[in-house]
There are 4 protein chains.
Amino acid sequence: MACSKYEYVKQYELDDRLLPGCWIVVRLDGKGFTKCAGAAAAEVSLPFVRACRFCDMHKFEKPNDERALRLMDEAAMAVMQEYQDIRLAFGESDEYSFVFAKDCQLYGRRASKLVSLVTSCFTGTYVRRWVEHFPDTPLAATPMFDARAVLYPSDQTLRDYLSWRQADTHVNNLYNTCFWALVKSGKTTTEAHAQLRGTLSDYKNELLFSEFGLNYSTLPERFRKGSVVVRQRVTHVKTTADGRTKEKERLEPCVLHCDIIRDAFWKERPHLLA
Amino acid sequence: MACSKYEYVKQYELDDRLLPGCWIVVRLDGKGFTKCAGAAAAEVSLPFVRACRFCDMHKFEKPNDERALRLMDEAAMAVMQEYQDIRLAFGESDEYSFVFAKDCQLYGRRASKLVSLVTSCFTGTYVRRWVEHFPDTPLAATPMFDARAVLYPSDQTLRDYLSWRQADTHVNNLYNTCFWALVKSGKTTTEAHAQLRGTLSDYKNELLFSEFGLNYSTLPERFRKGSVVVRQRVTHVKTTADGRTKEKERLEPCVLHCDIIRDAFWKERPHLLA
Amino acid sequence: MACSKYEYVKQYELDDRLLPGCWIVVRLDGKGFTKCAGAAAAEVSLPFVRACRFCDMHKFEKPNDERALRLMDEAAMAVMQEYQDIRLAFGESDEYSFVFAKDCQLYGRRASKLVSLVTSCFTGTYVRRWVEHFPDTPLAATPMFDARAVLYPSDQTLRDYLSWRQADTHVNNLYNTCFWALVKSGKTTTEAHAQLRGTLSDYKNELLFSEFGLNYSTLPERFRKGSVVVRQRVTHVKTTADGRTKEKERLEPCVLHCDIIRDAFWKERPHLLA
Amino acid sequence: MACSKYEYVKQYELDDRLLPGCWIVVRLDGKGFTKCAGAAAAEVSLPFVRACRFCDMHKFEKPNDERALRLMDEAAMAVMQEYQDIRLAFGESDEYSFVFAKDCQLYGRRASKLVSLVTSCFTGTYVRRWVEHFPDTPLAATPMFDARAVLYPSDQTLRDYLSWRQADTHVNNLYNTCFWALVKSGKTTTEAHAQLRGTLSDYKNELLFSEFGLNYSTLPERFRKGSVVVRQRVTHVKTTADGRTKEKERLEPCVLHCDIIRDAFWKERPHLLA
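Residues numbered from 1 in each chain as written. Chains lettered and ligands numbered in written order. Predicted model: local features only at pLDDT ≥ 70, side-chain atom pairs only at ≥ 80, totals over all residues. Heavy atoms only, no water.

- If you check an unreviewed UniProt entry, chain A appears there as tRNA(His) guanylyltransferase from Chlorella sorokiniana.
- What the UniProt record of chain A gives under Catalytic activity (unreviewed entry) is the line "a 5'-end ribonucleotide-tRNA(His) + GTP + ATP + H2O = a 5'-end phospho-guanosine-ribonucleotide-tRNA(His) + AMP + 2 diphosphate + H(+)".
- As recorded by UniProt, the Subcellular location (unreviewed entry) comment attached to chain A reads in full: "Nucleus". (UniProt positions renumbered as here; feature names shortened; annotations may be inferred.)

Written as structure tokens, this is what we have:
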């Protein structure tokens, strides 16, 4: 029963090394969190807002459940702590993007290694930490995330990718905020969709303000901008045996909720694209 | 802040569809479960037995921890319940292989979808179910698995792949059984390795029998053959309100510990390769 | 001016090895031989018959130019003489498919090596041998062929691929034979297309017979079945210095015009798929 | 004999689109021009100089055959005339690299299309134009070129690629010039290799000067720097029917022999990397 006779099958494992010199983005998406395979497929051009499997099952608040978003952030920080090659991460709703440095050599840049390990670390942390964020809601199903690796050859294309995700956060959140306000005010989901279909931002802002007394720009930045995870110096204060305090600085993943579309964010952090 | 300006970045997501008409094997491996990056790398041709990070941390029994193996099996069954396209799975130690049907169209056969979702489902289940298998050992770290997709174009190459994994199970288990018997009897790990290096199966079988009174072939098949998960008819008996019992049959993933190298297993289950 | 400083750029050459255990088909297509990028694109579901750049320029006979077909065959034989790993080839019109053995290890099965060298050998031979087939028509432009490598994991899929090409030969040839008969009889190309659009084989056979006195099945097999190149034993007779003759047998690529859809061809040549 | 039954085989043609936003380099290499598979393989770290198949067969002059180099350049210009997306090309010995613009959309950036068509156009032109460059040497074999597509994500990596090729031109040419001077002076090829092995540029320059009275820097730039093909404005003067002359400017591929490693070349032609 020697292995050697069968070892030729290893040749079938082909190389899936990613092109050097490109930013690697690994993007995770929750499977069946907020989207319904059936109904939603019919209106793919609309932001998806229908309550659905995983969100529904665990009674996520609408349009945003802060506990769920914080759990996503925590899982993302765990991934960044595991992989120092990740420069930054951006998350919204049930998705998260991790940006590996252009010159990253982790696992020889093999796509399946990067995709699977990020997914595994993220999912594992999400399940482990669930109870801290949802102490009263037992986990009723295994959350699942898919992931893919995408290459961006230039700083500009990387920034445009991140801008795309943050613009998407805004568009979805504005829509969802309106949608759920309408639904909570008594409309059916069909009526709410019908009222919002094809409307512009201005209309939606005005709707929120005039009908629901809501100034959209005062909503939490976490909802409007998503979560940006970067490494920052964090000071830890330790009290020694003799009662003195000692400060220690460490680079740690921190969650911000700020604009990453304009230049300011990048100018303040030149090391991110260096 | 319209998305449209940035949407061109979607073009950077390339197609990673797997060749049709081939068996797809998604193989997961525990990261840092039983192998030490450092020391083990030096002796890659030997089965790895050094206690290490995840196993060590959670005091897995040596050479096999039945609780850990059962937890792996449970995670594998969850994956098979999620994906009906999986024909069978084979697991040993901290690895598991899932075999998707040749004509499987799941997610358009996109490699990263299959790899990431299998990994996510497996890891998520592993963490969720941990407490049932290790009620007295809190999970001290997030278990991580990497995964890859490999294509096998013919039934023969698929069977040879599975034979390779099961032969590997046997070779590793025989070595590890000897190794830990020697260590438990007082040898250092270095001495144990030295004594076993380059020896044949006969020597190891004889060593176990004469020195430790152990007949290798009487060890549990789970350890010697690994775990095979196939779908089998399972009868569920339900008692109705009026006290009568009702039987219902369902196809369910079941774990077997049997030979899959010889033809018998396949002849009894012609549907597996059909 | 040492190279070493720049040699890192070699890392950007990624592996493009083709999956082992699959038939490799390299298919070449003439660029701008019979198809017009413009007009033809509008009616992609129709066989393309419009006289066009390369064919037009060199006054290829319609619907089939035997000289051009023989030149294609000669180029294909040169490719097969260069690469013993090619089991057989099939050609029609301005395309040719080369079938490399499943276990072929040529150039480590690297796709770009196989695709480029087949293309180079074919094109080079086509140009070199032009004058022999078109002694009165100087080559007025460089003929160009594109190529791709496609994998077929089973004998059945390979045979279906070849059947697809031979069925295509028949469909195109029947259409083109009718089309050019109509055009030569005085119809415009538009009228000819209109008359044939959507008609079945029976109609076309009947049209040829009743209007043009042509029994389609008596047309040369080269036109109706395309060209199949296989290696066959060929006897060479040599006269020695003393006047005696010596026979020598050699395996050489030979062109056949026969059915490869039905089993007979394959049963007579079991080595082709062995 | 409908095609439809077999058309499913088209699904086996997978997408091989190259990542957008990267420079595409298609590099061709002569097969069996200057290298011998056998002997040369043993001394891979040395520049290859052994006379060999194609060169030998056609009595190429050593160390450089200007006719052969001019034929290569002509084939390269034909490729550039065919494909306007090519920004520049660089050639030396029996190899040529073609640089497609970062935003090139030709054939949807499909690797096999680009690789095969460049190869086909190059080979076809090489054979067609042979007689003009070698009027007294009939083509005795079909020249063959392999090719591959490599992506460079940044201007710097592209320039480093081209610098790598030009530095290689210099290193090979200096070695070969010395080698053939020694051989022509009566040394065996083995002795010549032995004398040059491991020596630095200075030694080789000195050797040429002191023993053969040759100032390396006065050799033709074509040999020392290779060929760079760029598009330049060329003025064509036409005499009209009434005897007047008319000038017309056109962008045409032109061959230069100049340094492309330093910045000057690029600063004078900012459009190349724009």
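**A word on the overall build of chain A**
Thought 1: From N to C terminus, chain A includes nine helices and six strands.
Thought 2: Taken along the three principal axes of its C-alpha coordinates, chain A extends 70 × 65 × 45 Å.
Thought 3: Out of the 274 residues in chain A, the part that is buried amounts to 54%.
Thought 4: Residue pairs in contact within chain A that sit at least 24 positions apart in sequence constitute 68% of those at least 6 positions apart.
Thought 5: Carbon together with sulfur atoms contributes 51% to the accessible area of chain A, which is approximately 12400 Å² in total.
Thought 6: Charge centroids of chain A, computed over 39 positive and 36 negative side chains, lie 3 Å from each other. (Helix = DSSP H or I, 4+ residues; strand = E, 2+ residues; numbered from the N terminus. Buried < 20%, exposed > 50% of the residue type's maximum accessible area, 1.4 Å probe, protein only. Contact = heavy atoms within 4.5 Å. Areas by Shrake-Rupley, 256 points an atom, 1.4 Å probe, with all protein chains shown as cover. Lys, Arg positive; Asp, Glu negative; His and termini not counted. Charge placed at Lys NZ, Arg CZ, Asp CG, Glu CD.)

**Digging into the interface of chain B and chain A**
Thought 1: Each side of the interface is counted separately: chain B has 54 residues, and chain A has 54 residues.
Thought 2: Counting each side, the surface lost to burial between chain B and chain A is near 4700 Å², with a carbon and sulfur contribution of 64%.
Thought 3: On inspection of chain B and its partner chain A, the count reaches eight salt bridges.
Thought 4: For A:Glu82, the salt bridge is made with B:Lys31, and the minimal N-O distance between the two is 3.0 Å.
Thought 5: Looking at the side of chain B that touches chain A, the elements that each hand over two or more residues are helix H4 (111–133), strand E4 (145–152) and helix H5 (155–184) of chain B.
Thought 6: The element that contributes the greatest number of residues to the side of chain B that touches chain A is H4(B), accounting for 13 residues.
Thought 7: Residues of the side of chain B that touches chain A, tallied by class, amount to 29 nonpolar, twelve polar and 13 charged. (Buried area = accessible area lost by both parts, 1.4 Å probe. Salt bridge = Lys/Arg side-chain N within 4 Å of Asp/Glu carboxyl O. Nonpolar A, V, L, I, M, F, W, Y, C, P; charged D, E, K, R; others polar.)

**Quick notes on the packing of aromatic side chains**
Thought 1: If you walk through the whole model with that rule in mind, you get 88 aromatic pairs over all chains.
Thought 2: Arranged with centres 5.1 Å apart and planes meeting at 40°, the rings of C:Tyr152 and D:Tyr12 form a pair that is tilted. Placement of C:Tyr152 in strand E4 (residues 145–152) and of D:Tyr12 in the segment before strand E1 (23–30) is noted, with the two residues assigned to different chains. In this structure, C:Tyr152 and D:Tyr12 share a single accessibility class: buried.
Thought 3: Taking the centre distance of 5.1 Å and the plane angle of 85° together, the rings of C:Phe179 and C:Trp180 count as edge-to-face. Comparing C:Phe179 with C:Trp180, the two get one shared label, buried.
Thought 4: These aromatic residues form a ring-pair network of at least three members: A:Phe33, A:Phe54, A:Phe60, A:Tyr96, A:Phe98, A:Phe122, A:Tyr126, A:Trp130, A:Phe134 and A:Phe145. (Phe/Tyr/Trp six-rings, centres within 6.5 Å; stacked < 30°, edge-to-face > 60°.)

**Overview of the relation of the copies chain B and chain C**
Turning one copy of the chain about an axis and sliding it along that axis gives the other copy, so a rotation and a shift relate them.
Thought 1: Rotating chain B by 180° and moving it 0.0 Å along the rotation axis overlays it on chain C with an RMSD of 0.0 Å. Overall, the copies show the geometry of a two-fold rotation axis. Using C-alpha coordinates, one finds that chain B approaches the rotation axis most closely at B:Pro153, a distance of 2.5 Å.
Thought 2: A shared interface surface links the copies, since 100% of the contact residues of chain B are contact residues in chain C too. (Least-squares fit on C-alpha atoms with pLDDT ≥ 70 in both.)

**Thoughts on the UniProt feature "binding site: Mg(2+) 2" (unreviewed entry) in chain A**
Residues and elements named next belong to chain A.
Thought 1: According to UniProt, the feature "binding site: Mg(2+) 2" (unreviewed entry) maps to Asp29 and Asp94 in the numbering used here. Of the residues just listed, which span 66 residues, no C-alpha pair is farther apart than 5.9 Å, and they cluster in one region.
Thought 2: Among the secondary structure elements, Asp29 is positioned in strand E1 (residues 23–30).
Thought 3: With respect to the element layout, Asp94 can be found in the loop between strand E2 (86–92) and strand E3 (95–100).

**Description of the interface of chain B and chain C**
Thought 1: Across the contact, six residues belong to chain B and six residues belong to chain C.
Thought 2: Both sides together, the interface formed by chain B and chain C hides about 410 Å², and carbon and sulfur atoms give 79% of it.
Thought 3: If you sort the residues of chain B by the area they bury against chain C, B:Leu19, B:Leu151 and B:Pro153 come out on top, with a joint share of 83%.
Thought 4: On inspection of chain B and its partner chain C, the count reaches zero salt bridges.
Thought 5: Scanning the region where chain B abuts chain C turns up zero residue pairs in polar contact (both at pLDDT 80 or more).
Thought 6: Looking at the side of chain B that touches chain C residue by residue, the class counts come to five nonpolar, one polar and no charged. (Polar contact = N/O pair within 3.5 Å; in protein donor to acceptor, adjacent residues only side chain to side chain.)

**A few points about the pairing of E3(A)**
Residues and elements named next belong to chain A.
Thought 1: Burial analysis of E3 places six of its six residues in the buried class, the great majority of the element.
Thought 2: Alternating positions in E3 separate into two faces, Glu95, Ser97 and Val99 on one and Tyr96, Phe98 and Phe100 on the other, with burial throughout.
Thought 3: In terms of strand pairing, E1 meets E3 through six bridges, oriented antiparallel. Bridging from a neighbouring strand, Arg27 pairs with Ser97 of E3.
Thought 4: Strand direction decides the pairing type here: E2 and E3, joined by six bridges, are antiparallel. Bridge pairing links Glu92 to Glu95 in E3. (Pairing = 2+ DSSP bridges.)

**Observations regarding the packing of helix H5 (residues 155–184) of chain C against helix H6 (residues 189–196) of chain C**
The description of two packed helices rests on the angle between their axes and on the distance between the axes.
Residue and element names in this part refer to chain C.
Thought 1: Interaxial distance between H5 and H6 falls to 9 Å at its minimum, and their mutual angle equals 135°. Compared by their axis directions, H5 and H6 come out oblique. H5 and H6 meet at a crossing whose hand is right-handed. For the pair formed by H5 and H6, the contact residues are Tyr175, Cys178, Phe179, Leu182 and Val183 on the first element and Thr189, Ala192, His193, Gln195 and Leu196 on the second.
Thought 2: For the contact of H5 with H6, the residue count by class is seven nonpolar, three polar and no charged. (Axes fitted to C-alpha atoms, helices over the stretch in contact; angles between N-to-C directions. Parallel < 35°, antiparallel > 145°, perpendicular 65-115°, else oblique. Left-handed = near helix turned anticlockwise from the far one by under 90°.)

**Comments concerning the pairing of strand E6 (residues 245–256) of chain C**
Thought 1: Relative to E6(C), strand E5 (residues 227–239) of chain C runs antiparallel, the two being bridged by twelve bridges. What sits directly across from C:Val234, in E6(C), is C:Arg250.

**What to know about the UniProt feature "binding site: Mg(2+) 1" (unreviewed entry) in chain A**
Residue and element names in this part refer to chain A.
Thought 1: Residues given the UniProt feature "binding site: Mg(2+) 1" (unreviewed entry) here are Asp29, Gly30 and Asp94.
Thought 2: What makes Asp29 buried here is its relative accessible area of 10%.
Thought 3: Engagement of the side chain of Asp29 in a polar contact is seen with the side chain of Arg27, the distance being 3.4 Å.
Thought 4: When its relative accessible area of 5% is taken as the criterion, Asp94 is described as buried.
Thought 5: Dropping the residues within four chain positions of it, Asp94 is found in contact with Leu28, Asp29, Gly30, Phe33, Thr34, Met72 and Phe145.

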